[in-house]
Amino acid sequence: MEIVEIKAGQATLAMTVQPHMVNGHKIAHGGFIFTLADSAFAFACNSHNERAVAAQGAITFVRPGKLGDRLVATAREISRSGRSGIYDVRVTADEVVIAEFRGHSRTIGGALVPPAGPKQD
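Here is what the cut-offs are and how they apply
- Residues numbered from 1 in each chain as written.
- Predicted model: local features only at pLDDT ≥ 70, side-chain atom pairs only at ≥ 80, totals over all residues.
- Heavy atoms only, no water.
- Helix = DSSP H or I, 4+ residues; strand = E, 2+ residues; numbered from the N terminus.
- Contact = heavy atoms within 4.5 Å.
- Expected span 1.5 Å × (residues − 1).
- Buried < 20%, exposed > 50% of the residue type's maximum accessible area, 1.4 Å probe, protein only.
- Phe/Tyr/Trp six-rings, centres within 6.5 Å; stacked < 30°, edge-to-face > 60°.

What to know about the environment of Cys45
Its place among the elements puts Cys45 in helix α1 (residues 30-45). For the pair formed by Cys45 and Gln18, sequence separation is 27 residues and the distance between their alpha carbons is 27 Å. Once residues lying within four places of it in the same chain are set aside, the contact partners of Cys45 are Glu50, Ala52, Tyr87 and Ser105.

This is the structure:
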């Protein structure tokens, strides 16, 4: 996987389907597509520098991914209130929708990147 872009409430990751990522039908295994979508979700919900984890995630497979396809997962924040967030992730291959993922996040306290303090010797 490669990180393409991260902005507040958004993230885009990409991955090329390799031979070890296809199933017995010679199409991309759903677990790899889910992993890509879940990873984009994770970067998007942690993009506000508040530690967040998944509370729930669900995926709908629309079309099969194929060997050699470059899959792009684009996550966007739908709602963020209190400790809860909802994020949608669209996975595409050549701009054709492969899967739709929805993730619910929960913040768990603390910052991912702590503020810079005085330098310690």
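Quick look at α1
The end-to-end C-alpha separation of α1 is 22 Å, in line with the 22 Å expected for 16 residues at 1.5 Å each. Among the residues making up α1, those that are buried are Ile33, Leu36, Ala37, Ser39, Ala40, Phe41, Ala44 and Cys45.

Concerning the packing of aromatic side chains
Following the criterion strictly, the structure yields three aromatic pairs and no others. Taking the centre distance of 5.3 Å and the plane angle of 70° together, the rings of Phe34 and Phe101 count as edge-to-face. With Phe34 in helix α1 and Phe101 in strand β6 (residues 96-107), this residue pair connects regions lying 67 residues apart in the sequence. Since its relative accessible area comes to 2%, Phe101 is described here as buried. Measuring from ring centre to ring centre gives 5.7 Å for Phe41 and Phe101, while their planes differ by 50°; the resulting arrangement is tilted. Highlighted residues: Phe41 in helix α1 and Phe101 in strand β6, separated in sequence by 60 residues. Considered together, Phe41 and Phe101 belong to a single accessibility category, that of buried residues.

Some points on the side chain of Thr92
Mapping Thr92 onto the fold places it in strand β5 (residues 84-93). Ignoring sequence-local partners within four residues, the contact set of Thr92 consists of Arg70, Leu71, Val72, Val97 and Ile98.

Quick look at unusual backbone geometry
In this structure, Lys26 takes a positive phi of about 65° despite not being glycine. Tracing the chain through its elements places Lys26 in the loop between β2 (10-16) and α1. Notably, Asn49 is not glycine yet its phi reads approximately 60°, a positive angle. Within the secondary structure, Asn49 is located in the loop between α1 and β3 (52-61).

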